[in-house]
Amino acid sequence: MLALQILIDGFAISSLYALGAIGFTLIFGVSGVLNLSHGAIMVVAAVIAWWVSGTYGVSPYLGALAGLAASLACSFFTYGVIVRPLQKSPSIPHEEKEIFVLTATLLWGIMLQEAVAYLFTNNPKTVRPLVEGVVRIMGVRTPWNEVLTAAVSLGAIALLYLLVNRTRTGKTLLAAAMNPRGLTLLGFELSSIYILVWAIYGLLAGGAGVLLGAFLGVSSDNAGTLTASAFAIVVLGGLGSVSGSLIAAYVVGYLETLTAYLVNPSIRTVPALLLLIIVVYVRPQGLLGRR
Amino acid sequence: MTALLDVKGLTKRFGGLVAVKDIGFKIEAGEILGLIGPNGSGKSTVMKCIMGIEKPNAGSVKLDGIDVAGWPTHRIARAGVGIVFQHARPLQRQTILEHIKLALLPDNLLMLATDHGVTRRAEEIAARVGLSQVMHRLPRTLPFADLRRLELAKAIARNPKVVLVDEPFAGLTSGEVADFSALIGSFRAEGHAVLLVDHNVKSVAALVDRVLAMYLGEYVAEGSAEEVMRNETVRRVYLGGKIETAARPEREGKDRTPLLDVRGLGVLYGKATALDDVSIHVGEGEFVSVVGLNGAGKTTLFNAISALVPYSGTINWRGETLAGRTPGSIARGGIVQCPESRELFGDMSVRENLDLGGQHFPVAEAAKQLDWLFGLFPILKARQGQAARTLSGGEQQMLAIARALMMRPKLLILDEPTLGLAPVILEQLSKALEVLRQTTDITVLLGEQNVTFALPHADRVYVIEHSRIIWEGDPARFAEEAGAGYL
Amino acid sequence: MLRSRTFQVVVPALLVLILLPLGVNGYILGLLTLAYYYAVFAMSWDLLFGFAGEVNFGPSFLIGIGAYTAALLNHYWSWPIPPCLVAGAFAAVVAGAVLAIPALRLTGPYFGLITLVAVLLLQNVLVLFAGITGGEIGLDLPDVLSIDASTNYYYALAFMTVSGAILYGLAQSPVGLILQASGQDAIEAAALGFNVAKHKLAAFCMSAFFSGLAGAMLIFYLGTASVGTVVDIGVGVNVIIAAVLGGRRTILGAAVGSIFLIGAGEILRPLGQLSTFVVSAIALVVILFFPGGFMGRLLQSGGRE
């Protein structure tokens, strides 16, 4: 029974992690940016969804949409006002761009987090779930919302997969990740490709945030941890490797669930961190990354 | 007498690619050896293996009798090898003198202060390379040639037995070249062994005692500069075989506005001059070749046309300026470049690479173009599903050209398509170009080092040397007028 | 010339700081005391990033090791303060070396990542063994440096001045020059005959020493060691922001940045929760528009053309 419980809970958590991490890895793969405001953007989406559906009593679907819109706006702001100006700045030497982008997105994340805390307090908030009720899966009582979380996460990932591998536009994203210069020479504008990527990223991070808010609840204090877990998953899977991130998300999700159920919930993140250290030392390119 | 530097059987593989294969040579004290070869010939890898920046897979590097192959770089440096990098990045907040002092420091963690002897020695070296006037200034305030002098000064400060110099004259004016030759010559006078690494014999001929030529990682020839220049294989590598030309009669409308008109083009890389007052024009339907050795400025010229590097001067396309347009819009506007580096999407299939080229057109039109290209390059049809990365060099080049042609360019810019390819592939490429020239009204601007490849198709030829256009004319006259001095 | 210029700015500034307790109240002194310890954190970080070119995302790993080593020795074995400080500093060096020796082989973001993960692990371990370490609540210390605000202030000021002088001197010395060359282009530095790994490791140990020592001093000032004050990621983030804000590769800028960061947080306190928001926004604006930081501007205008 416990095993089944772990299996189901771990699956839902892992799917959610995968959704959150995949946007992070997409941005890194296509534009080389590690966005440290990631967790804060997820929090913004969740809190806006909570606020809209809770305060105005509108349907939770509208709330979720509002959350997505908020994260989309944050995502564009991150790119347009912070990342792009830094990348274009002539006064920052090339080899220091990375630390500047990291520091700046980190500061931006703190600003978002503090703004949320100021406007809505840092109390944990649970977004009204899109569906109510429970279902018995082989005897385990599981909220419908948990099933929905896993289903929507996997659905969004599948959609992304189809977009990237089956459409003309998706192919340009893939090409931009492999060789941006080559794409320029074929008459594509990198700037519009980056805008598209950040739009997709905003939707993915927002979706993950809203689902997380409905499933486990979210507080502004979680922003840092959310960024850290996305970062850990992405490195574990290999920077820029989408399939690697997927596998790593399930490894980390199940490792955490197992630890929480079998050992002690307060150290649920420790085994994943240890695994991360070992992987970085032994195989820095990650599970599926290429050198 | 044992040679100061004795390299034997040096081999270096990168994955499946053999970059250097069984290379050996000796340099005596007071001797200058030129190591030459076109881009991708492996000469830089040889230099890196000697310095320990790359670890050779096989072979020995004996320094004064001691085999240092595989040692870490800093130990090789301490053992007596110095290197003058082509692209050095000086520290921003340290003066020239401090940079020279750095090179004089021992590798010691407890060096908390330097004595006056070091400062005096640094000042002497600054004077020797002609930097005394500027030794208290910061690097960013100095011209390019002075930064190159600084690199020489650092090598002198290390007082190595063996000095490796990477492209000693790149980016320098002819006056500066003379200065640098004298400085490098002084290494020889002091009994150092010097290895000059460069693209071609010509630029180092006056300075070297001997030359060793490499191509595709292998030994080609060795001897005096004249002998190597006369060597059949070397001539074939650089010039190709016998020169044939087939200029078509002048096309109509020669006096109309040319399709592409480049005037007074200048490009700087940092402080180095990469192009200086270059003017060329290409008429509609013309096949124009720009020939010049590696490093002469061909790629820079094409990159300026494609708006990939900032430039001064004007570039007009059909009478309108290209200034302010993005590389993407220039490509969509009809100027499509197939770059030297090919820039394929390695993990995508051949078909996906081609489809990306045709993506600006409706599906049906792209499909038609694809059919036509598969006719031109049948091998690509057979390789459709294969990842571009796994193709051979020649196939990759064909894919790069085909991908550019998928965009139905008005002007196709081909940069060094022959780079690193075997002769049999060159023939196939050459045939494809001729088909293109005879059956379409495409305009082509070809940049080549290999004259034999460049001339047969050309209607008109420019010769570029040292960042400038030095000759223009029809291919028939090239052999008589420019050919002899080319190599 | 540049050095004497620095000297001309630093000496009067120090004089003002020495005379400060005569004119301001204990509350402000307390804030500045905290700022001075942060200054040492930030200067140590800058030695590693600005000079050796290695981004340490986990300065609070080193700080935390130093602080908790000292705290445990004092709490359980009642060691007096001085040996606790020494032990804390050396524990940080040992832990730093264990972390850095394998990690320095890694390139790019991986070194930074390892240092970040190290902090998260340390944090988890401290919480896991809450019975010994006091967990989230913290560990009370029987001893404190002093209960007098001015005395504490002078301890911190003296410590910052001495550490700053050593770190700055080191950065300006030949070794600092070698470090900077290694950070900028490791291959070229090696080709000049310098063992880059050795120098970077030495820089890391130096950075660890001062971080650990400052961490240990800080908890004896606060009277308690807790995850929130010496280990939390947020501590490290503040250190990095202070150093970048003040101007990387200047050492002294890191101190200025720390004092600014804590001072600004205090001035903006009336804004309540928004103060962190505003401080972050200011830091972001500085990074976007003046990437050289405060000191970067100053030194730039002092450079000879």
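Residues numbered from 1 in each chain as written. Chains lettered and ligands numbered in written order. Predicted model: local features only at pLDDT ≥ 70, side-chain atom pairs only at ≥ 80, totals over all residues.

1. Brief notes about the domain arrangement of chain B
Residues and elements named next belong to chain B.
Moving on, step 1. If you check the domain split of chain B, you get domain 1 (5-239) and domain 2 (260-486).
Moving on, step 2. Just the C-alpha atoms count here: the centres of domain 1 and domain 2 sit 33 Å apart.
Moving on, step 3. The interface of domain 1 with domain 2 comprises 14 residues on the first partner and 13 residues on the second.
Moving on, step 4. Sorting the residues of the side of domain 1 that touches domain 2 by element identifies helix 5 (144-158) and helix 9 (232-239) as the ones contributing at least two each.
Moving on, step 5. Taken together, the residues of the side of domain 1 that touches domain 2 sort by class into 8 nonpolar, 5 polar and 1 charged. (Domains from an automatic or database assignment. Contact = placed C-beta atoms within 7 Å. Helix = DSSP H or I, 4+ residues; strand = E, 2+ residues; numbered from the N terminus. Nonpolar A, V, L, I, M, F, W, Y, C, P; charged D, E, K, R; others polar.)

2. Observations concerning the interface of chain C and chain B
Moving on, step 1. Of the residues lining the interface, 25 residues belong to chain C; the matching set on chain B comes to 29 residues.
Moving on, step 2. Elements supplying a minimum of two residues to the side of chain C that touches chain B: helix 8 (174-184), helix 9 (186-191) and helix 10 (196-222) of chain C.
Moving on, step 3. Residues that form the side of chain C that touches chain B fall into these classes: 13 nonpolar, 7 polar and 5 charged.

3. Overview of the packing of helix 1 (residues 2-31) of chain A against helix 10 (residues 242-263) of chain A
Residue and element names in this part refer to chain A.
Moving on, step 1. Where helix 1 contacts helix 10, the two axes come as close as 7 Å, and the packing angle between them is 140 degrees. Between helix 1 and helix 10, the interaxial angle falls into the category oblique. Of the two elements, helix 1 crosses helix 10, and the hand of that crossing is right-handed. Every residue of helix 10 that contacts helix 1 at Leu-2, Ile-6, Asp-9, Gly-10, Ile-13, Ser-14, Tyr-17, Ala-18, Ala-21, Ile-22, Thr-25 and Leu-26 is listed here: Val-242, Ser-245, Leu-246, Ala-249, Tyr-250, Val-252, Gly-253, Tyr-254, Glu-256, Thr-257, Leu-258 and Tyr-261.
Moving on, step 2. Residues that form the contact of helix 1 with helix 10 fall into these classes: 16 nonpolar, 6 polar and 2 charged. (Axes fitted to C-alpha atoms, helices over the stretch in contact; angles between N-to-C directions. Parallel < 35°, antiparallel > 145°, perpendicular 65-115°, else oblique. Left-handed = near helix turned anticlockwise from the far one by under 90°.)

4. Looking at the interface of chain A and chain C
Moving on, step 1. Listed per partner, the contact involves 33 residues of chain A and 29 residues of chain C.
Moving on, step 2. Secondary structure elements with two or more residues in the side of chain A that touches chain C: helix 3 (60-88), helix 4 (97-120), helix 9 (223-237) and helix 11 (270-282) of chain A.
Moving on, step 3. It is helix 4 of chain A that contributes the most residues to the side of chain A that touches chain C, 14 residues altogether.
Moving on, step 4. Broken down by class, the residue content of the side of chain A that touches chain C amounts to 25 nonpolar, 6 polar and 2 charged.

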